[in-house]
Amino acid sequence: MIHFDFHDRTAIVTGGTRGIGAAVTAALLAAGARVIAVYAGNHDAAKAFQEQCQAGDGQLELACFNVANYQAAEAFFRRLDDQNRQIDILVNSAGIRRDAIVAMMPEQDWRQVLDVNLTGAFIMAKLAVMRMSRKRYGRIINITSPSGRIGFEGQANYAASKAGQVAFTKSLAKEVARRNITVNCISPGFIDTDFISALPEEQLAAYREMIPKKRFGKAEEVAQAILFLATEEADYITGAVLEISGGLS
Ligand SMILES: NC(=O)c1ccc[n+]([C@@H]2O[C@H](COP(=O)([O-])OP(=O)(O)OC[C@H]3O[C@@H](n4cnc5c(N)ncnc54)[C@H](OP(=O)(O)O)[C@@H]3O)[C@@H](O)[C@H]2O)c1
């Protein structure tokens, strides 16, 4: 594992209790950061993850709210303001998929995926950037997907949300570059998490076959790249998309 030092840094990781977000939370904690892991409602998974982390006093906090709900997100940030707490790093990993071919896709599934994946990233980044701008420092990392670049059958809503995240990232990066805030995307290929585990085995085998490295990635492998983008040393990387996909194209 790469050695990172995030002592004196505070991070928010949305979707930080499961999958890629959980691996990011764990890696940040191991590097000395204070982390607030946001999740949607799976309390059992969140508590189990918290116990497994065995973080020091106050080093890991859990916050349960829907990132697509502006009022809830604003209340969360206001609580941090009231406690005089500043945010250095935001990792937007909360995401969902509701797969169906377009002809069969309920409008609600289109809206929900866009709402959580894209609007949720906007809401969290907007509220973070307002605060990061004051201290003239920040690192924001959004999680997109190769699906947004190449498209996948049955994932028009998901692909659109992920392509939107890239456009959002590049635009925001330009807005805040002079304030010492970087905004980047990580684009993981197929990563072994709950997100894909429910897919039928034949489909998983077909996906594995498409990947030059012939295996799915590990959440920890994605986390290491996210931590690099969160360092001070990655200052000149902004508006970028780093794909971690075992060569999938
Ligand atoms: N796994 C892959 O192969 C893959 C590939 C490319 C991109 N990605 C992207 O990577 C990100 C993380 O994926 P993952 O595989 O780690 O997913 P996951 O294992 O399903 O975990 C999702 C996490 O997001 C949280 N979440 C979902 N909706 C939320 C909402 N509305 N508000 C707050 N939190 C919410 C969940 O909370 P609860 O536990 O409470 O539900 C959970 O902590 C997603 O953006 C996904 O699109 C994943």
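Before reading further, recall that the structure is shown in the block above.
Described in the following lines is the structure provided in the data block. (Residues numbered from 1 in each chain as written. Predicted model: local features only at pLDDT ≥ 70, side-chain atom pairs only at ≥ 80, totals over all residues. Heavy atoms only, no water.)

Some thoughts on the side chain of aspartate 109
What counts is decided by this rule: A run of DSSP states H or I qualifies as a helix once it reaches four residues; a run of E qualifies as a strand once it reaches two. Both are numbered from the N-terminal end. Any residue under 20% of the maximum accessible area for its type is buried, any over 50% is exposed, and the rest in between are partly exposed; the area is computed with a 1.4 Å probe on protein chains only. In this count, Lys and Arg are taken as positive residues and Asp and Glu as negative ones, while His and the chain termini are left out. For this document, the term salt bridge refers to a Lys or Arg side-chain nitrogen within 4 Å of an Asp or Glu carboxyl oxygen. Contact definition: two residues touch when any of their heavy atoms are within 4.5 Å.
Following the sequence through the fold, aspartate 109 ends up in helix H4 (residues 107-135). The side chain of aspartate 109 sits in the buried core without any salt bridge; arginine 98 is the nearest counter-charge, 4.9 Å away. Excluding residues within four positions of it along the chain, aspartate 109 makes contact with Arg98 and Asn157.

Focus: the pattern of salt bridges
Taken as a whole and judged by the stated rule, the model has 14 salt bridges. As a salt-bridge pair, arginine 9 and aspartate 88 come within 3.2 Å of each other at their nearest N and O atoms. Taken as a pair, arginine 9 in the segment before strand E1 (10-14) and aspartate 88 in the loop between helix H3 (70-82) and strand E4 (89-92) lie far apart in primary sequence, 79 residues in all. Aspartate 88 carries the same exposure label as arginine 9, and that label is buried. As a salt-bridge pair, arginine 97 and aspartate 99 come within 2.8 Å of each other at their nearest N and O atoms. Classification of aspartate 99 as partly exposed rests on a relative accessible area of 34%. Several salt bridges converge on common partners, so that one network encompasses Arg9, Asp88, Lys135 and Glu232.

Looking at helix H9 (residues 219-229)
Counting buried positions over the eleven residues of H9 gives eight, a clear majority of the element. Among the residues of H9, Ala219, Val222, Ala223, Gln224, Ala225, Ile226, Leu227 and Leu229 are the ones counted as buried. In this structure, the buried residues of H9 make contact with helix H1 (19-30), E4, strand E5 (138-143), strand E6 (181-188) and strand E7 (241-244).

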